[in-house]
Amino acid sequence: MAIGTRSGAIKLYGAPGVEFMGLHEENNTVMQIHFIPDQCQLVTLLDDNSLHLWSLKQHSGASELREEHRFTLKGPPGSPPSATQITAVLPHSSREVLYLGTESGNIFVVELPSFRVLEDRTITSEAVLQRVPEDYCNRRSCELVEALREHPKNPDQILIGYSRGLIVLWDLQNNKVTHHFLGSQQLENLYWQRDGSKFISCHYDGSYTQWPVSSDNRQPEPLENIVPYGPFPCKAISKIYWQTTKNGLPYIIFQGGMPRASYGDRHSISVVHGSQQTAFDFTSRVIDFFIIFSSEPTAEFDDPSAMVVLAEEELVVIDLKSAGWPAVHPPYLASLHCSAITCSHHVSNIPLKLWERIISAGSKQNVHYSSMPWPIDGGTNIAPDPPQRDLLLTGHEDGTVRFWDASGVCLHLLYKLSTVRVFLTDADPNDNMNTLGEDEWPPLRKVGTFDPYSDDPRLGIQKIYLCKYSGYLAVAGTAGQVLVMELNDEDAEHVVDHAEADLLQDQEGYRWKGHEKLKTRDGPVRFEAGFQPFVLVQCQPPAVVTSLALHSEWKLVAFGTSHGFGLFDHQQKRLVFVKCTLHPSDQLALEGPLSRVKSLKKSLRQSFRRIRRSRVSSRKRRGGGGNASEVQEANAKFDQDALQEMELAPVQRKIEARSAEDSFTGFVRTLYFADTFLRDSSRHCPSLWAGTNGGTVYAFCLRVPPAERRMDEPVRAEQAKEIQLMHRAPVVGILVLDGRSTPLPEPLEVAHDLSKSPDMQGSHQLLVVSEEQFKVFTLPKVSSKLKLKLTALEGCRVRKVTVANFGSCKTDDYSENDLAVLTNLGDIQIISLPFLKLQIRYPCIRKEDVSGIASCVFTKYGQGFYLISPSEFERFSLSTKWLVEPRCVVDVPEVSSNNHVHTRSGVENAARKSRGSGRSSSDYGEDERKSGRLMEHALLNDEKVLKEIQSTLEGGRGSYAERNLARSPLGHGLSNGGGR
Amino acid sequence: MNRSFNKSQTLRYLECSAVEVKSKFGAEFRRFSLDRYKPGKFEDFYKLILHIHHIANLEVMIGYADVHGDLLPINNDDNFFKAVSSAHPLLRVFVQRQDEVDYSNFGTNTLSRKKKALVTLRNDNLRRRPHINISMPHDFRPVSSIIDVDILPETHRRVRLYRHGCEKPLGFYIRDGTSVRVTPHGLEKVPGIFISRMVPGGLAESTGLLAVNDEVLEVNGIEVAGKTLDQVTDMMIANSHNLIITVKPANQRNNIIRSSRMSGSSGQSTDSTASHHSLPTSHVLQNFHPDEMESDEEADIVIEGGLEPQHIPKLHSLTSSSLSRINGSSLSHRLQRDLVLNNNSGRESNGNIHKLLSSLKTDPRHSLVIPRGGIEEDGTVITL
C-alpha cells in the first residue's frame, strides 16, 4: 500500500513493521500512485504533471526506496498545456510501457524505465473517433481521458473512458478500436469484471452501468443502468469495484452516489452483496479506497477479503469476509488524533506483568473488531525485536487516555481509558457507534474512530503520570480534576472518593470567572477492566492542572494549577496541605481564562494574520496549476496588501526585566518528590519541591509514617525552604542528585531492584532548571554552585527538559545520565550532569512548529516523540544504543501476478485542507497490489537518526557528530498517523 | 560672617533668584548667596570657597547635601549648577581637605540613591576639561555608560545599562526591520532589529544614549544577526541586570569623533576627547567576560523555614547591608587602594569599584559627614 501526501512524500506500508518513505524534491502534491506489476517499482504523478519512478532496492540487507527517474510529458511546441496534462495512468502488465491519458483526449505511450515517448504508438482521439457514429460524435467530442483499464485476460486490449461518456475498447496490436460503448452520462470511472466479459462504468449522476463485451456486437447497448440511491438526484459515484465470488453474488462496491439533497454531505462507500447493503459513513472525506482480493491469476473468482479506505483523517480497513463486515484493528496508522491530543507521557521499559495486564484490558475493548489478520502483508520485517517494552500515553480532549505500544516502529493502540464515567456530562451515554438501523435508507453505518468533537472541553486530559511498578496512574485535566487510578483486571462497581482542594485558601476577594468544576456522579460507578479511578481531587478554583507528580511508594499525589499546589494522601484519602502561590498583585490569574481580554484580542489578531497568510500561500499554490494570469495578478496584489499591512503594524517586543508583579507568576510548572537532605546534612527526609512561573521554588519537608502505621498516622508537611531565583524565569524542572551526582531513582525503582539505591553518604545537590538557566545548588544549604545560562547567551529558552540515560553502544557497562533539553527554537541540547557542560546540540523541530515543540516527550533512554501534524508522531533518537528504525525486505516476486488498481484523487483535493503542517498530507493516490506471498508494498515509518552523544562521552567528539548531524535533517521521521 | 558675594559679571540682586548658601569647613560656617539661574562657573565658585574660608593654599573637595540628604560632590559646572538650582531653600556646602576626603561618604543613602538618575551625558564628556578634577565617576552610581569607544567603529555605540537595585523600568521596545549594508556586491538589504519605542521615564530614555530607530547589533557581546526578534527579546531580558547593547544610532550626528591623532598613536591621549573618561571604562570592556557579569548579578534568595516573605527585594537589601557591616572596614581599605591605582594608572576597573561601593553604601559608620542636625533641619528621613 502506498500513500502519497500533499507535500510530496510517499509512504509505503506492508506487514506491520514494513515501511518506506520517499520524498519528492518538489514539494508538490502527489496526485496518483501506480505500482508497476511485480517490479517493486511505482510511478507517482505530482500536481506539476511530472512523473517519478521509484524503486525498492536492497542495500546491505534491507530494502530502500529510491527515486530512479523523473519525466514530464512535453507536447509539440505551441500546443496548450492541457494537451499533455496527464489525467489517467495505466502501467501495462507487460511492465514495459505506461499509457498516459491526457486532458486533450490523446493517450501517450512511454517506455519504462527510461520514460522515452513512443510516438508511433500514441492513441489520438481522432483515431478513436473514426468509427464512432456521426450523430454521437457531433454531440460530444472526446474530452479528457477519465479512465484507462487493461483487459484482465487479454493484455492487448485496453478500455478507454472519456469524460463525456464515450468508452472504447482499443486493440493495441492493430491500433484500432474494436468496440464502442456510447455512454450518455459523464463518466467517472471504469472497472472490468474478472473474466473480461463485462465491465462496469460509474457516472457523475450517481448511476452505474454494466456493459457486455462480446465479439459479435461492436457497439453494444448497456445491460443494466442503476441509480442505487435514486430516484432523487444523487452525487457522483467516483469509483466502483465489481467483485465476483464463488457463491455467485457479486460484491459491488462504490464510493459516493448518495442522494444529493439529504445525504450529499456524507463521505460514504457502499458495499452491496446480494441483499446486504451497507453504506459505510466516514467522518472525514474519503480520499481513495481499494479492495484486497485474490490475485492468483488462475483463480476464477475475486473473492474480496477486505476493503481499505483512506479517509482524510484516518485509514479504515473493513473485513468483507466476516459477517457484519467489521473493521480491522490497524497495527499502524491508527488515528492518533481521533480526539485532539492534549498531552503525552512516555514510560520506558514496562515490566512484563503490567504490559500483559494492559494488553488484556485492551483486548476486552476490541471485541467489536474483526479477528482477521492485517490484510496488507507485503514485505518482511527484519528489524530485531525491540529491546524493551515502551508505552506512550496520550491524553485527549475528550477525557480519554490512550496507551500505545511505542516499543517498535509501529505505534499500536493497546488500550483506551476514559475518565468520562466519573463525571456527569451532557454527553449521550450510549455508545451508538455500530447501531445499524434496520429500516434506514440509505443503510448508513458510521465507521472509523475520528471524532474531533469533544462533548465537554473540561474533560480534557492535561497531565499523566504512570508508575510502572505499582500500576498506579494519575491523570489530571482541564477543570482542575485529579484522578488516581489502579489497574484492575475485572469489571468493578465502586464509589470514587472525592475531595476538594481549595488552593486559594484564605486569599479573599478573588473571583474565578472561568469554567465551573465538573459535576461528579453520586453513588457507585461501573468501570470496565483496566485502570479504575478510586480517588478524585478537584482543585478550587477549577483551573487547568499544570503539573502533577505521583509517589507510589509514599502513596502521595501532588498537583498544581495557576493558583497553587496541593498534596494528597491517596492511601488515607486525605488532603495533606495546600499552598497558594499567587502573588497578591496578580489579578489576572484569578479571573480565569475568559476575562483575559487582552490576550484574547491578541490571539484573535494573530489568528486572523495566520488565516490571511495561509490564504495567500494556498492561492499561490493553486496559481502554479497553470491557468490564468488573472489569478496571479490577484495573488500579487494580495501579497502586496498583506505585506503593506505588516509594515504598517510592525510587531514589537517590550524589553523589561521580569518583576514579581508579572502575571501568572504563581503558575505551578513543576512538582518533584525527593528523599534528600532538606533540613540538615545528617538526616534526610521525604520532600516535595514545586517550581513556579515566577522563578520561585518551594520545598516542603514531609513526614510519611512507616508502612505498618501508614493508615494510622497522618502524613505531615512543613515548608522548609523557599528559593527565589533572581532572574525570575519560569522553573521547568527540579532534580536532586545524590552523593555520586546521579539523579535520585524513581519511586519503587530500588525496591524492584532496577536501580542502585541512591548514595546518601555524600552531599546531595539540587538542580533547578528555569527557562533561562540551569543552576546547581548544594543541599541542604542551597548555595549556588554552578550555573549554565542559556537564554543570556543564545536567546533560546528551555521548553522541555528531562534526564536521559545514555548507554554506550560499544560496551554494556558504561552509561551516564545527561539532561536532554528542547528549546523554543526546536534545538535539542544534551547537557552533562553534574557539571552542566553542553555536549551537543542539533536542530530537531522547526522553530515555527510551536505545537510540535509543545508536544515533544523524551524517553528515559534518549529518544523522543513529537507531533509533526495533529495526527503523526515523529520519533527521534539521541542515543546510539537505543535506536528504533524500520528495517525490512521486499522481494521481487518471480511469478507475475495480475491485477493492480489505481485511483486518482481529484485535483480538488489539493486546495481543501489547510490545517496541519506542510508535511502533512491530504491528498493521496493509493494503490495496492498483491501477489501470492509478499509484496512490494512496504512500509512505514520510521525512526531516525541518531545522534551521538556517545562519541562525546567517549572522546571522539567532532567528526562523528557532524556526520550524524548531516544526516538528520532529512527528517524521515514519522511514525504513525491517521490519514493526513 | 554673613557676607554677600557679588559675582562680578553675573550676579544681580533679585530677591527671588538668590540662593542662600551655607558652607562648612571643619567646624566653621560661612554664609553667602548665589543667583539661582546664573550661578557662574565652578572654577569661580571653587575660588570663592577657598577665599571665604581663607584656605587658599589647600586642595579641597566640595560637596553639598541634596534634597534627599545625600552628600554629593561639586566638581564641575554641571553639578555645580545642579546643586544651586535644586537647593531648597538653602544650599548646604561641605568642604573637606582633599587628603581627608572619604569617598565612601558620597551618595551615602541607599534609598534615596534609587531616586536619583544621574546621567553621564556624552556631551559632558566632551565638555570636560582635563585640568578639572572630575575623576570620581565612582562617586555616582552609574546607570549607564558608553563603553569600548576605542575599539568600536565610530558609527557604533556600545551602551551599558545598570539596573540593579533600580526601580526604574528598562523601558524600551524593539522591532524587526531592514537595514542597508554595504557589501562587495553593492548595497544589500538585510533584516535587523531596531529600537521601536521608548517608555517615557524609563532607564533607556533617561540615559539619552538610545533612541528610536537605532539598530541593535549586539547584546552583551553576542551578535543579533540571524536571530529572531523573540530570541533577541529573550536575550535582553535574560541580561536585564546588566545589559550591554551595541547600537548603530539612527542619528549619527552625535557620535564621538575620535581625532586622527588619537586613533593613530595608541598611547597618546589628547585634550579634546573623552579619552580621560573612556580609558578606565574601556578597560572594563576589554576584560569583560561572563564571570564579571556574574559579579554584578544579584544572588538568588533562599528563605529557610516557613517564613512568609512579603517583600523579597527588601529582604535582599537587608542581607547585603549586614554583609557590608561585617566587611565594611576592609572593603573601604581596598577601595582606597583601588582609587589610588585608578588615579595613578587610570586602569582600574570601574565595575569593581562600583561593586565595592555598592556594598559599602549602607554602612552607617561612614555617614559621619552629614551632621545629624542638618538632616533634621531638612526633614529628610534617612534610613540607615
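Residues numbered from 1 in each chain as written. Chains lettered and ligands numbered in written order. Predicted model: local features only at pLDDT ≥ 70, side-chain atom pairs only at ≥ 80, totals over all residues. Heavy atoms only, no water.

Named according to an unreviewed UniProt entry, chain B is Par-6 family cell polarity regulator gamma originating from Cairina moschata. According to the UniProt record, the Sequence similarities (unreviewed entry) comment for chain B is "Belongs to the PAR6 family." (UniProt positions renumbered as here; feature names shortened; annotations may be inferred.)

The name given to chain A in an unreviewed UniProt entry is LLGL scribble cell polarity complex component 2, with Cairina moschata as the source organism. Looking at the Sequence similarities (unreviewed entry) heading of the UniProt record, one finds this comment for chain A: "Belongs to the WD repeat L(2)GL family."

I keep staring at unusual backbone geometry and nothing clicks. Help me out?
Trans peptide bonds make up the majority, and among non-glycine residues the majority have a negative phi. At the junction of Q540 of chain A and P541 of chain A, the peptide bond is cis and its omega measures out at 0 degrees in the coordinates. Note on placement: P541 of chain A falls in the loop between β41 (530–540) and β42 (547–551). Located in the positive-phi region is N213 of chain B, a residue other than glycine, with phi close to 75 degrees. Locating N213 of chain B in the fold gives a position in the loop between α5 (203–207) and β10 (215–219). (Helix = DSSP H or I, 4+ residues; strand = E, 2+ residues; numbered from the N terminus.)

Teacher, can you tell me more about the nonpolar core here?
Nonpolar side chains in soluble globular proteins generally cluster together in the buried interior. All names here are of chain A. Residues M1, I253 and M307 are the most contacted members of the largest nonpolar core, which totals 52 residues. When residues in this core are grouped by element, the largest group, six residues, is from strand β24 (residues 286–292). The next biggest cluster of nonpolar side chains, apart from the first, holds 37 residues, and it includes Y672, L735, L737 and L819. (Core = buried A, V, L, I, M, F, W, Y, C linked by side-chain atoms within 4.5 Å. Buried < 20%, exposed > 50% of the residue type's maximum accessible area, 1.4 Å probe, protein only.)

What am I meant to see in the interface of chain A and chain B here?
Reports of interface size often rely on the accessible area that becomes lost once the parts have come together. Each partner contributes to the interface: chain A provides 37 residues, whereas chain B provides 42 residues. Counting each side, the surface lost to burial between chain A and chain B is near 3400 Å², with a carbon and sulfur contribution of 51%. The largest contributions to the chain A side of the interface with chain B come from R653, I655 and M726 of chain A, which together make up 22% of the buried area. With a shortest N-O distance of 3.7 Å, D234 of chain B and R797 of chain A are connected by a salt bridge. If you look at where chain A meets chain B, you find seven residue pairs in polar contact (both at pLDDT 80 or more). Looking at the side of chain A that touches chain B, the elements that each hand over two or more residues are β46 (652–655), β50 (716–724), β53 (773–778), β54 (784–789) and α8 (791–794) of chain A. A per-element tally of the side of chain A that touches chain B places β50 of chain A first, with six residues. A class-by-class count of the residues in the side of chain A that touches chain B yields 14 nonpolar, eight polar and 15 charged. In this sheet, strand β8 (residues 172–183) of chain B lies alongside β46 of chain A in antiparallel orientation, the contact comprising four bridges. (Contact = heavy atoms within 4.5 Å. Buried area = accessible area lost by both parts, 1.4 Å probe. Salt bridge = Lys/Arg side-chain N within 4 Å of Asp/Glu carboxyl O. Polar contact = N/O pair within 3.5 Å; in protein donor to acceptor, adjacent residues only side chain to side chain. Nonpolar A, V, L, I, M, F, W, Y, C, P; charged D, E, K, R; others polar. Pairing = 2+ DSSP bridges.)

When you look at the side chain of R160 of chain B in this model, what are you seeing that I'm missing?
Residues and elements named next belong to chain B. Within the fold, R160 resides in strand β7 (residues 157–162). Given the relative accessible area of 1%, R160 is considered buried. Of the polar contacts made by the side chain of R160, one reaches the side chain of N242; its length is 3.0 Å.

I keep staring at the packing of aromatic side chains and nothing clicks. Help me out?
Each aromatic ring pair is described using two quantities: the centre-to-centre distance and the angle formed by the ring planes. Applying the stated criterion across every chain yields a total of 28 aromatic pairs over all chains. Between the aromatic rings of F42 of chain B and Y46 of chain B, the centroid separation amounts to 5.9 Å while the plane-to-plane angle is 40 degrees, which identifies the pairing as tilted. Of this pair, F42 of chain B and Y46 of chain B both sit in helix α1 (residues 42–52), four residues apart, roughly one helical turn. Taken together, the ring pairs in this structure connect F181, W192, F199 and W211 of chain A into an aromatic cluster. The residue whose ring lies beneath K239 of chain A is F289 of chain A, and the NZ or CZ to ring-centre distance is 5.4 Å. (Phe/Tyr/Trp six-rings, centres within 6.5 Å; stacked < 30°, edge-to-face > 60°. Lys NZ or Arg CZ within 6 Å of the ring centre and 35° of its normal.)

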